[in-house]
Amino acid sequence: MILSDVRPWGGAGMDVVIADGVITEVVPAGIAGGDERLDGGGLLALPGFVNAHAHVDKSWWNQPWVSFGGERTTQGRIAHERAERDKYGIPSVDGVVAVLREFLRHGTTATRTHVDVDLGIGLRGIESVREAAAVLDGAIDVEIVAFPQDGVLRRPGVLDLLDQAVAAGASHIGGIDPAGIDRDPVGQLDGLFEIARRRGVGVDIHLHDHGELGAFQYELIAERAQDTKVTVSHGFALGEVTGERQEALLDQVATAGISLATVAPVGSAPLPWRGMRDRGIATGLGTDGIRDLWSPFGDGDLLRIALGYARLHGLRTDEELTYAVRLATTDGASYVDRQRHDITPGARADIVLIDAENVPDALVRVPSRKLVLAGGRVVARDGEVLV
């Protein structure tokens, strides 16, 4: 198939040649020959968005409204979710399919999602997410993190469940606030990394603890990360410590090969993005929860998250605004186990067409996606999902 006359990253018009779901050539517009052609109309072309941090098992998208409740703390929201989720049928295959289709509508073609694994729900969440991905027949790549939202050590038996989750299809195991939730950071991290090394999977840890407490846990994670693929999600402390302390912590994170995932929440301290970029610290953007028992907000649009990242971090120049979009696209490759993710030969043909002058224009206006290709097939057009 020829996707003709598109402007990758706002450049000159090009034809993109696709075979077996993979880009084989990118040549000047009008050169590529073939019987099956899809006219791109000179639109801006970006790689499919990669959601590096989601919770698709929790969402009630496209279902009747549920009012927000519970205490406005991490512990309070955990308790509220545990008390209410069965009433609303969370998790369910239909619920996951609904939110994944919304991802596709906005141009997200791959996601890493944290799926609850706990003593009440067991592995049902992982089963629901895998079945939902199968319903969509590969339109969206889904990588699963087995996530112990309610803690690890404080709930005996959760470590065994995480071990079982790997056999059930999880590519990472998660953790949450080793100090703030379990109050035993060394014990939680030792337990998680033992499973990860033995099973050959990655670790992705929610770290909400602030300031020096959070920085201390970064150090503990870095000590254990040398032979394991590790992501710290949220990780507010890295933006809260300052001066030499921050520089030293950045060096430790870079040396250990730790990546970060952020949802750029309003009111949080900006991450030291220049220091992270200059040290080669991978950064991915995610939506976090979308209309769930934690929050009524979210719509699955990762371009809107990239705009939030740009605002939070004070990005203004065209180069900086394009950097924010790259975080949401090409730089997300490693979060979904891809060697490359761009509009280049050898990459999966995940392409989003947007009616915009250039990348900064697309970011600040967040226009609707005109066409979304996933693996070379059209999965959404003019806001209508076709799978």
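Whatever comes next refers back to the structure up there.
Positions within a chain are numbered from 1, following the residues in the order the chain's sequence is written. Thresholds applied to this predicted model are a pLDDT of at least 70 for local features of residues and 80 or more for the giving and counting of side-chain atom pairs; totals over whole chains, interfaces and linings are not thresholded and use all residues. The side-chain values count all of the structure's non-hydrogen atoms but skip hydrogen atoms and water molecules.

A word on the pattern of salt bridges. Criterion for a salt bridge: a side-chain nitrogen of Lys or Arg within 4 Å of a carboxyl oxygen of Asp or Glu. Within the structure shown, the criterion is met by 34 salt bridges. The shortest N-O distance in the salt bridge between R82 and D118 comes to 3.2 Å. Of the two residues, R82 is situated in helix α1 (residues 74-84) and D118 in the loop between β7 (108-116) and α3 (124-135); the sequence distance between them amounts to 36 residues. Neither residue differs from the other here; R82 and D118 are each classed as buried. With a shortest N-O distance of 4.0 Å, R304 and D301 are connected by a salt bridge. A simple rule labels every residue: compare its accessible area, found with a 1.4 Å probe on the protein chains alone, to the largest value its type can have, and call it buried under 20%, exposed over 50%, or partly exposed in between. Given a relative accessible area of 43%, R304 falls into the partly exposed group. Secondary structure elements follow DSSP: runs of H or I no shorter than four residues count as helices, runs of E no shorter than two count as strands, and numbering proceeds from the N terminus.

When helix α4 (residues 158-167) is considered as a whole, its buried residues turn out to be V158, L161, L162, D163, A165 and V166. Contacts made by the buried residues of α4 are with α3, β8 (141-147), β9 (172-176) and α5 (185-199). In what follows, residue pairs with any heavy atoms lying within 4.5 Å of each other are defined as contacts.

On to the pairing of β7, then. Regular strands have side chains that alternate between both faces of the sheet. In terms of residue burial, β7 counts as a mostly covered element, since nine of its nine residues are buried. Two strands are said to pair when DSSP picks up at least two bridges between them. Pairing analysis gives four bridges linking strand β6 (residues 49-54) to β7, with the strands arranged parallel. Residue pairing for β7: V50 is matched across the bridge by A110. Pairing of β7 with β8, which is carried by seven bridges, proceeds in the parallel orientation. Bridged to D116 within β8 is F147. Once you follow β7 into α3 and on to β8, the crossover reads as right-handed. By convention, a crossover is right-handed whenever its connection, traced from the first strand over the helix to the second and viewed with the strands pointing away, goes clockwise.

This brings us to the environment of H210. Checked against the element boundaries, H210 lands in the loop between β10 (202-207) and α6 (211-224). A residue is classified by how much of its surface remains accessible, and H210, at 49% relative accessible area, is partly exposed. Along the backbone, H210 and V241 are 31 residues apart, and their C-alpha atoms lie at a distance of 9.0 Å. Those residues within four positions of H210 in sequence are excluded, and the remaining contacts are F236, A237 and E240.

Most of helix α11 (residues 318-327) sits out of view: seven of its ten residues are buried. Taken residue by residue, α11 has E320, L321, T322, Y323, A324, V325 and L327 as its buried positions. On its buried face, α11 sits against β5 (44-47), α9 (273-278), β13 (283-285), α10 (302-312) and α12 (359-365).

Another aspect to go through is the sheet that holds β6. Strand order in this open sheet of eight strands is β6-β7-β8-β9-β10-β11-β12-β13, and the pairing throughout is parallel. Looking along the sheet, the strands with just one partner apiece sit at the ends: β6 and β13. Here the average twist between neighbouring strands, direction ignored, is 25°. Relative to strand β12 (residues 259-262), strand β11 (residues 230-234) runs parallel, the two being bridged by three bridges. Bridge pairing links V232 to L260 in β12. Each of β9, β10 and β11 is contacted by α5, which is oriented at about 175° to β9, the strand it contacts most. Axis definition: a line fitted to C-alpha atoms, limited for helices to the stretch in contact. Angles are taken between N-to-C directions and run from 0 to 180 degrees.

Residue P91 is reached from I90 by a cis peptide bond, and omega for that bond is 5°. Here P91 lies in the loop between α1 and α2 (93-105). Its identity as a non-glycine residue notwithstanding, W9 has a phi of 55°, on the positive side. Of note, W9 is situated in the loop between β1 (2-8) and β2 (14-19).

In this section: the packing of α10 against α11. Here α10 crosses α11 at 135°, and the two axes come no closer than 9 Å. By the angle between their axes, α10 is oblique relative to α11. Judged by the twist between their axes, the crossing of α10 over α11 is right-handed. In contact with L303, A306, Y309 and A310 of α10, α11 contributes L321, Y323, A324, V325 and L327. In what follows, roughly perpendicular refers to angles from 65 to 115 degrees, roughly parallel to angles under 35, roughly antiparallel to angles over 145, and oblique to any angle outside these ranges. Each helix crossing is assigned a hand: it is left-handed if the near helix lies turned anticlockwise from the far helix by less than a right angle, otherwise right-handed if that turn is clockwise.

Right, let's get into the pairing of β11. Of all five residues that make up β11, five are buried, and the element is covered over most of its length. Across five bridges, the pairing between β10 and β11 is parallel. Bridged to V203 within β11 is V230. Traced from β10 through α6 to β11, the parallel crossover comes out right-handed.

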